[in-house]
Amino acid sequence: MNLFRIVSKNLVRDGLAVMTLLLSLSLSTEAQRIGLGSGTTSRPTTELDYANPKEYEIVEVTVSGTQFLDPNSMISISGLKAGDKIRVPGPAVTSSIRRMMDFGTLDDVEIMYTKIEGDKIWLNIHIKERPRLYKVTFSGIRKGEQTTLNDKVKLIKGRVITPTIIKNTQLVIKKFFQDKGFYHTKVKVVQIPDSSRGQATLNFIVDKGSKVKIEEIQIEGNEAISDDKLKRKMKGTKEKKLWHVFTPSKYVPKKYEEDKDKLIAFYRKNGFRDATIEFDTVKNENDGNLKIVMQLEEGPKYYYRNITWEGNYLHSDEQLQTILGLNKGNVYNPEELDKKINGIPGGDVSSLYMDDGYLYFSARPIEKAVVGDSIDIEMRINEGKQATINRIILNGNTKTSDRVVLRELFTLPGQKFSKTELINTQRQLSQMGYFDPEKIQINPVPNPGDGTVDIEYTVEEKPSDQIELSGGWGGYIGFVGTLGLVFNNFSLRNIPNRSTWRPLPSGDGQKLSVRFQANGKQFQTYSLSFSEPWLGGKKPINFGVALTRTVYRISDFNQMLYRRVSARNQEFIGSYYNNGITFSLGRRLREPDRFLVLSNSLSLQRYRLDSLDFFNIGYNNGVSNNITFNTTLSRNTLSDFQYPRSGSSLSLSTTLTPPYSVFRQKEFSDAQDRFKLVEYHKWMFDASWYATITGKLVVSARAHMGFLGSYGNKLGLSPFGRFIVGGSGLAGQGSFALADQDIIGLRGYEDRKVGPLTPTGTLAGGGGVVYNKFVMEMRYPVSLNPQATIFVLSFLEGGNNWGNYRDYNPFDIKRSAGVGARIFMPAFGLLGIDWGYGFDRVQGQQTRSGGQFHFTIGQQIR
């Protein structure tokens, strides 16, 4: 049907609707004479007189041209409806088109009359919809980059394509490549329509250009602080230098803006309160690289003069000044001032108040006067009222029971609010090992009306169970396979509740561990342990029980070598059996602080020899019984179990057997009688300390030492319970810790080779009786994702092992240095690889130890 156009969106867009209509009418009177009918041209019954606008009543409004949109919705948006009176031409039609275009999904709108009878008018709204997105493609870049960009732009199929969407997508693409150093990236877009479906493909053509480097950073106006020191503070903006291997010199605008803020912060930290960047510019050099020019205005360096206090009633000025720790003449540093007010839990001004319940405390430092290079500060205190904890709200523990989490909290309903206890609780939740330390959130929700506060804890569960599946060549005994399972959040109580099996019943914080290692009949070792950290559920009393069994048989090597007897049919000529059971009980102490733990254990081990002098102590048939009592006092304030950034861990333990020889009157008849009852006392000390240097870089220092003693001269120093030093700190594939031995790692040296040795290279007397070890490490995380926590490290290490106290010299250590990496995966625990270089010779060697690779499994204590 031929229609007469009243006005279109293009005319509205130009703001010349009426003028254009009048002009078009004067140029083509034939256009007015397009009549109504089935494609025929005839004179219309009524014509519009555009020179004299007339009021019409709308009889009907129809919509044409729609593909996806609802016609009724379009009529509603237009604001035109049957019964309305409009002036044609007039502002009503123009406003209607503007409203429809503002809807954002239309590319063109035309409003036409289809019929006029007297003062009655029939209208048709003809629309052209914007195409819908079919897909997004990229040209000019690699396939991997295309995949990454698809994830970044996130354009949904079927979405209406608008200029805004196209522009924003171009900006995302440019920013992506600019962050990679392609500063001059250009992005064009080609829209490929599919009119049959009303859809279109957007093809973004990317021209990355060459990667732009920063040729030079020119800093002017600085006198107090050198160029080099300022450039070191610009972590994300570096000059093109050969030694900048790990800090590329690409130009990233966002990082450059951040680095400018860091420069000013650094100046203000050093007392230059008025320091500013007067101007900076980024210039294109002839080689395509960039030059940054920066003009600074340092201003004077300021110092504290007088610090006064206002609004404090609970604590005196002198007490607050002592905690603040800033005195007249100190360099003015707003960052340090804020830290001493709010940033040192347990040691800042806010902790003095908040640890006593004053949740609403605030302190505002005000510059009262600036005289020359001196500043007077007034500390305006608002002490507020004390707040009592009302409720504890726990979110996110989908696996661990509420009671298991709540019993670890140091903030309980009815107690006064305490800032330090919140920090301690956060550390305690991290040390549980069930939650992602990076995702633990604490939110105090004050209730000013009744003077209470609700504490909301939000945690995120992480996998905590572990599996060990490995195999290796065990030398003489051949291939050894290992299977170990550790369930760190086990629940005996939930065994009947199948819904808690993941894959075993879980949620109560108990630990169940099973380990099996064997190569067949010749070597087998089994262990089963269980521990309950809250015996009875009311107090933190840890109860544990562990069972172990080791079987080692020695075969006739000549029979296997010359008679070619299979492993299944081989005959054994000697054997060793070790059966043990250990019961442990530990509890947290309240004094002098709650971080102290006292644990005790009672262990019984029975060694049986059958035609095998396994310990090289003079008998090959018989039984040795080892009954030991161990007590350990430890203190742990580490911030995290997997990657600690602060805190320390101290442990002092003693292991005692009954002093049988003290009460024995007669002499020992033989070696079997001499070692029937194992006798010794052993003392061990372990200390670890961690601190953050900057960002995520952490320094760690450790010290370890152990001493083995006897109760008298009748037996002398026992061959049992000795120290084995060297290598990775593992017993070794196919080996095991014999008779209560302690395995101590020393990187850069071979396994079990540091200490008193026999002429054949084996440990003399079963190991050393005194050792010490010192470690310094620098650690940096590659990933703190709980699914795969990875960090790299460098180390300096030294230690030694002595066979008697006459030769003991704590300064005579075997030194080493090297690098390594650790990866923690919930399913497998902590895995590590180190390369260490030993600088010294050990007994039996003519040259220094040199480079050694070491592999570790599990958390190494020593």
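Coordinates for the structure precede this section.
Residues numbered from 1 in each chain as written. Predicted model: local features only at pLDDT ≥ 70, side-chain atom pairs only at ≥ 80, totals over all residues. Heavy atoms only, no water.

Pairing between strand β28 (residues 697–709) and strand β31 (residues 770–785): ten bridges, direction antiparallel. Its bridge partner lying in β31, G706 is registered against Y771. Pairing of β31 with strand β32 (residues 788–802) involves 15 bridges; the strand directions are antiparallel. Each bridged residue has a counterpart across the sheet, and for M776 the counterpart in β32 is L796. (Pairing = 2+ DSSP bridges. Helix = DSSP H or I, 4+ residues; strand = E, 2+ residues; numbered from the N terminus.)

Looking now at the pattern of salt bridges. Counted according to the given criterion, the structure contains 36 salt bridges. The salt bridge involving D274 is made with R273; its shortest N-O contact spans 3.1 Å. Of the residues examined, R273 reaches a relative accessible area of 26% and is grouped as partly exposed. When the shortest N-O distance is used, the salt bridge between R493 and D508 registers 2.9 Å. Separated by 15 residues along the polypeptide, R493 in the loop between β19 (479–490) and β20 (510–518) and D508 in the loop between β19 and β20 bring together distant segments of the chain. Taken together, the shared-partner salt bridges connect R702, R747, E777, R779, E797, R822 and D834 into one network. (Salt bridge = Lys/Arg side-chain N within 4 Å of Asp/Glu carboxyl O. Buried < 20%, exposed > 50% of the residue type's maximum accessible area, 1.4 Å probe, protein only.)

What the three strands build is an open sheet, ordered β15-β17-β16; its pairing is mixed. Bordering the open sheet on either side are β15 (388–395) and β16 (441–447), each of which pairs with just one other strand. Averaged over all pairs of adjacent strands, the angle between their axes in this sheet comes to 20°, without regard to strand direction. Relative to strand β17 (residues 452–458), β15 is paired through six bridges, and the arrangement is parallel. Paired with L394 across the two strands is Y457, which belongs to β17. (Axes fitted to C-alpha atoms, helices over the stretch in contact; angles between N-to-C directions.)

Moving on to helix α3 (residues 71–78). What α3 keeps buried is the set M74, I75 and S78. Buried positions in α3, seen along its axis, are confined to an arc of 100° and lie on one side of it. The exposed residues of α3 that point more than 90 degrees off its buried face are N72 and S76. Downstream of α3 by a residue or two, G79 has a phi angle that is positive, lying close to 85°. (Arc of directions from axis to C-beta.)

Moving on, we come to the packing of aromatic side chains. Going through the model one piece at a time under the given rule, you end up with 20 aromatic pairs. Where Y353 meets F361, the ring centres are 4.5 Å apart and the plane angle is 10°; that geometry is what we call stacked. One exposure class covers both Y353 and F361, and it is buried. Taking 5.1 Å as the distance between ring centres and 55° as the angle between the ring planes, the aromatic pair formed by F723 and Y771 counts as tilted. Highlighted residues: F723 in strand β29 (residues 723–725) and Y771 in strand β31, separated in sequence by 48 residues. Exposure remark for F723: the relative accessible area of 0% places this residue in the buried category. Y771 gets classed as buried once you look at its relative accessible area, which sits at 0%. Site record: aromatic cluster; members linked through ring pairs are F176, F177 and F182. One Lys or Arg, R594, reaches over the ring of F410 and ends 4.2 Å from the middle of that ring. Directly above the ring of F795 sits R747, whose terminal nitrogen or CZ lies 3.8 Å from the centroid. (Phe/Tyr/Trp six-rings, centres within 6.5 Å; stacked < 30°, edge-to-face > 60°. Lys NZ or Arg CZ within 6 Å of the ring centre and 35° of its normal.)

When two helices pack together, you describe them by how their axes are tilted relative to each other and by the distance separating the axes. Where α3 meets helix α4 (residues 91–102), the closest approach of the two axes is 8 Å, and the angle between their N-to-C directions is 125°. In terms of orientation, α3 lies oblique with respect to α4. On α4, the residues touching M74, I77 and S78 of α3 are S96, R99 and M100. (Parallel < 35°, antiparallel > 145°, perpendicular 65-115°, else oblique. Contact = heavy atoms within 4.5 Å.)

The biggest cluster of nonpolar side chains holds 29 residues, and the ones touching the most others in it are Y576, F614, F615 and F720. Residue assignment for this core shows that the elements contributing at least two residues are β24 (596–610), β29 and β31. Counting 23 residues, the second largest nonpolar core, distinct from the first, contains I86, M101, L106 and Y113. (Core = buried A, V, L, I, M, F, W, Y, C linked by side-chain atoms within 4.5 Å.)

Let us look at the sheet that holds strand β10 (residues 276–284). Where strands meet in a sheet, backbone hydrogen bonds hold them as pairs that are either parallel or antiparallel. Reading across the sheet, the three strands line up as β9-β11-β10 and stay open at both edges, with mixed pairing between neighbours. Each edge of the open sheet carries a strand with a single partner, namely β9 (214–220) and β10. For this sheet the average axis-to-axis angle between neighbouring strands, irrespective of direction, equals 15°. Sheet topology note: the β10/strand β11 (residues 290–297) ladder contains eight bridges and is antiparallel. Note that in β11 the partner of I277 across the bridge is L296. Against the sheet, helix α8 (residues 253–269) makes contact with β10 and β11, and its axis sits at roughly 150° relative to β10, the strand it touches most.

A grouping of L602, L604, I627, F629, L656 and W683 is seen on the molecular surface, where their side chains present a nonpolar patch of about 510 Å² in accessible area. Of all the secondary-structure elements, those providing two or more residues to the nonpolar patch are β24 and β25 (621–636). Along the chain, the position of L656 falls in strand β26 (residues 647–656). (Patch = residues over 30% accessible without salt bridge, like charges linked within 9 Å, V, L, I, M, F, W, Y side chains within 5 Å. Areas by Shrake-Rupley, 256 points an atom, 1.4 Å probe, with all protein chains shown as cover.)

Looking now at unusual backbone geometry. A cis amide bond, omega 0°, links E591 with the succeeding residue P592. Among the secondary structure elements, P592 is positioned in the loop between β23 (572–588) and β24. Of note, K154 is a non-glycine position whose phi angle comes to about 50°, a positive value. By the element assignment, K154 lies in the loop between α5 (143–153) and α6 (163–178). Positive phi outside glycine occurs at R752, with the angle close to 65°.

Note on placement: L602 falls in strand β24. When the C-alpha positions of L602 and I627 are compared, they lie 7.5 Å apart, and in sequence the two are 25 residues distant. Not counting residues within four places of it along the chain, the set of residues in contact with L602 comprises I581, T582, F583, I627 and T628.

This part covers a positive patch on the surface. A cluster of basic residues, K229, R232, K233, K235, K269 and K339, forms a positive patch at the surface. Examining the composition of the positive patch, we find that three residues originate from one element, helix α7 (residues 227–233), more than from any other. As for its position among the elements, K269 is in helix α8. Residue classification places K269 among the partly exposed positions, given a relative accessible area of 40%. (Lys, Arg positive; Asp, Glu negative; His and termini not counted. Charge placed at Lys NZ, Arg CZ, Asp CG, Glu CD.)

Bringing the environment of N284 into the picture now. Positionally, N284 belongs in strand β10. Along the primary structure N284 and I214 are separated by 70 residues, whereas in three dimensions their C-alpha atoms are 9.6 Å apart. Polar contacts involving the side chain of N284 include one to the side chain of H184, which spans 3.4 Å. (Polar contact = N/O pair within 3.5 Å; in protein donor to acceptor, adjacent residues only side chain to side chain.)

Turning our eyes to something else, we now look at α5. Here α5 has its buried residues at E145, L149 and V153. The buried residues of α5 occupy one face: seen down the axis, they fall within an arc of 60°. Opposite the buried face of α5, by more than 90 degrees, sit the exposed residues K143 and D151. Tucked inside the fold, the buried residues of α5 contact β6 (132–139) and α6.

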